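# Structural overview
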2 protein chains.
Amino acid sequence: MTYCIGMRLNRGLIFMSDTRTNAGMDNISVFRKLVSWGKRGERSLTLLSAGNLATTQSTISLLDERSKAANERVPGLLEVPSMFQAARLVGGVLRDVIQAHAESGQKADSAFNATLILGGQIKGMPPRLFLIYPEGNFIEASLDTPFFQIGETKYGRPILVRAYDPDMSFEAALKLFMVSFDSTMKANLSVGLPLDYQVYDVDSLTTGQIHRVSVEDETFQAISQGWGEALRGALSSLPEPKLPT
Amino acid sequence: MTYCIGMRLNRGLIFMSDTRTNAGMDNISVFRKLVSWGKRGERSLTLLSAGNLATTQSTISLLDERSKAANERVPGLLEVPSMFQAARLVGGVLRDVIQAHAESGQKADSAFNATLILGGQIKGMPPRLFLIYPEGNFIEASLDTPFFQIGETKYGRPILVRAYDPDMSFEAALKLFMVSFDSTMKANLSVGLPLDYQVYDVDSLTTGQIHRVSVEDETFQAISQGWGEALRGALSSLPEPKLPT
């Protein structure tokens, strides 16, 4: 399993993913699930992936290769004229990779499926955020649905729904993400530290660094430990129901 | 879908279930999923059910019939000498009902499976709480795992894990349940109001009334509306991570 969030804020985009992959319970590894592409002053794109690791790695390799070879026939992520076209390109590659294995006659215990979140901005247009399905089609985040989750989405969803505010700072969003990931990691062993995150300032057109929250991260530890108490405080601030007698 | 919680506290047991059943998105109904049996001064048992409605209703009917007919060959829930035997009886009936349909040659879109929570007390023994699987086997709640959830368990789990306290009052537990159900209903349309709940005071050996939280319940409304703000307050009380520069 995996857990990733991509979110649209008024000041830009923020992405976070865990790094645990597992085949069964006893075969776990750390892999990066957050990758980005950019051309300074022109575009920045970030991709989050959940699902079959062979599928997502193959998809990213194909996208990478295309973005490196200038004389490719199909335009790469650094050449497409719009975010919509970028999502279409990524969705097409993802669908092709999944189909190639599905049709090879080989059977795996689990499906070769994967789901992606793609966000970014191209000069002259606003930032956009997409959720891309294994079939290659996609939906876009809107004011009503300003964030996407992929992987183990349920445990960490209620806090996102309740606390999201389009005007929030990146620091506040990062804290919100940490709480959402902490709830998920406490409930599902297949989601684990370290966490990767990236922040994109609107109109910066610069691909920010990918940062990592490690097991030793003191802020994360403080948030993880403080959240239980903060929740109990929040609960006790609510009116107490009376038991009928 | 469904959502039910059964919880062990130092002062007794508390149970809650939603009442929505659905076959697809456009065929929803209200059914009671919380039933209880008792003999004043001698025993009290409560059953929560999630899964195929035909299976759970059939299981309850069979258990009911048995508890009514004094000359049944298999002892009913009002006659078994221990809670362990009660769980075995319920598990056996559940397994038989599921198997009868699975072997009938008929095929349904969804499985005939169901999962149950059984809690209660028999005179001279402490209260006990069981989670009963479709296969008829079961596990018992302990100090380490003092509550069970069935149905759509994920959205409402983090708050239970964080806020559970064995010494809490029934009122506090009821509030906690309302928050857990509210988070679940906000995320999954197939879990819905009204909610049924029952409280069992340790050593009372009296089957309490089943109470209902309706759409008009003012305390529930206040909790549902106040929880978002309380959560945001809890979040802002935590230390803010610094973005690396």
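Further up the page is the structure itself.
So, a few notes on the structure that sits alongside this text. Just so we're clear, the structure is a prediction, and the values are computed from it rather than from any experiment. (Residues numbered from 1 in each chain as written. Chains lettered and ligands numbered in written order. Predicted model: local features only at pLDDT ≥ 70, side-chain atom pairs only at ≥ 80, totals over all residues. Heavy atoms only, no water.)

As a further point, take the overall build of chain A. Looking only at helices and strands, one finds five helices and twelve strands in chain A. The C-alpha radius of gyration of chain A comes to 19 Å, within 12% of the 18 Å expected for a compact globule of 245 residues. Counting only C-alpha atoms, chain A reaches 75 × 45 × 40 Å along its principal axes. Put simply, chain A has 245 residues, and 51% of those count as buried. (Helix = DSSP H or I, 4+ residues; strand = E, 2+ residues; numbered from the N terminus. Rg over C-alpha atoms; globule rule 2.2 N^0.38 Å. Buried < 20%, exposed > 50% of the residue type's maximum accessible area, 1.4 Å probe, protein only.)

Next up on the list: the interface of chain B and chain A. At the interface, 44 residues of chain B touch 44 residues of chain A. Taking both partners together, chain B and chain A bury about 4,100 Å²; carbon and sulfur atoms supply 71% of that area. Inspection of the chain B/chain A interface yields six salt bridges. Between Asp-182 of chain B and Arg-162 of chain A there is a salt bridge, with its nearest N and O atoms 2.4 Å apart. In this assembly, chain B and chain A are joined by 14 residue pairs in polar contact (both at pLDDT 80 or more). Broken down by secondary-structure element, the contributors of at least two residues to the side of chain B that touches chain A are helix H3 (157–163), helix H4 (170–187), strand E11 (195–201) and helix H5 (218–236) of chain B. Among the elements that take part in the side of chain B that touches chain A, H5 of chain B stands out by supplying 13 residues, more than any other. Looking at the side of chain B that touches chain A residue by residue, the class counts come to 24 nonpolar, nine polar and eleven charged. (Contact = heavy atoms within 4.5 Å. Buried area = accessible area lost by both parts, 1.4 Å probe. Salt bridge = Lys/Arg side-chain N within 4 Å of Asp/Glu carboxyl O. Polar contact = N/O pair within 3.5 Å; in protein donor to acceptor, adjacent residues only side chain to side chain. Nonpolar A, V, L, I, M, F, W, Y, C, P; charged D, E, K, R; others polar.)

With that settled, the discussion passes to the relation of the copies chain B and chain A. Rotating chain B by 180° and moving it 0.0 Å along the rotation axis overlays it on chain A with an RMSD of 0.0 Å. These values place the two chain copies in the arrangement generated by a two-fold rotation axis. The C-alpha atom lying nearest the rotation axis in chain B is that of Tyr-155 of chain B; the distance is 2.4 Å. Comparing interface residues between copies, 100% of those in chain B also lie at the interface in chain A; the contact surface is shared. (Least-squares fit on C-alpha atoms with pLDDT ≥ 70 in both.)

Moving on, we come to the packing of H4 of chain B against H5 of chain B. Residues and elements named next belong to chain B. The contact between H4 and H5 brings their axes to 10 Å, and the two run at 65°. Between H4 and H5, the interaxial angle falls into the category roughly perpendicular. Seen along the crossing, H4 lies across H5 with a hand that is right-handed. Note on element contacts: H5 touches H4 through Phe-220, Ile-223, Ser-224 and Trp-227, opposite Lys-175, Met-178, Val-179, Asp-182, Ser-183, Met-185 and Lys-186. Across the contact of H4 with H5, the residue classes tally to six nonpolar, two polar and three charged. (Axes fitted to C-alpha atoms, helices over the stretch in contact; angles between N-to-C directions. Parallel < 35°, antiparallel > 145°, perpendicular 65-115°, else oblique. Left-handed = near helix turned anticlockwise from the far one by under 90°.)

Mapped onto the secondary structure, Glu-152 of chain A falls in the loop between strand E10 (147–151) and helix H3 (157–163). Taking relative accessible area as the criterion, Glu-152 of chain A reaches 3% and is therefore assigned buried. Only 2.7 Å separates the side chain of Glu-152 of chain A from the side chain of Asn-188 of chain A, close enough to count as a polar contact. Not counting residues within four places of it along the chain, the set of residues in contact with Glu-152 of chain A comprises Met-1, Thr-2, Tyr-3, Thr-184, Asn-188 and Val-191 of chain A together with Lys-154 of chain B.

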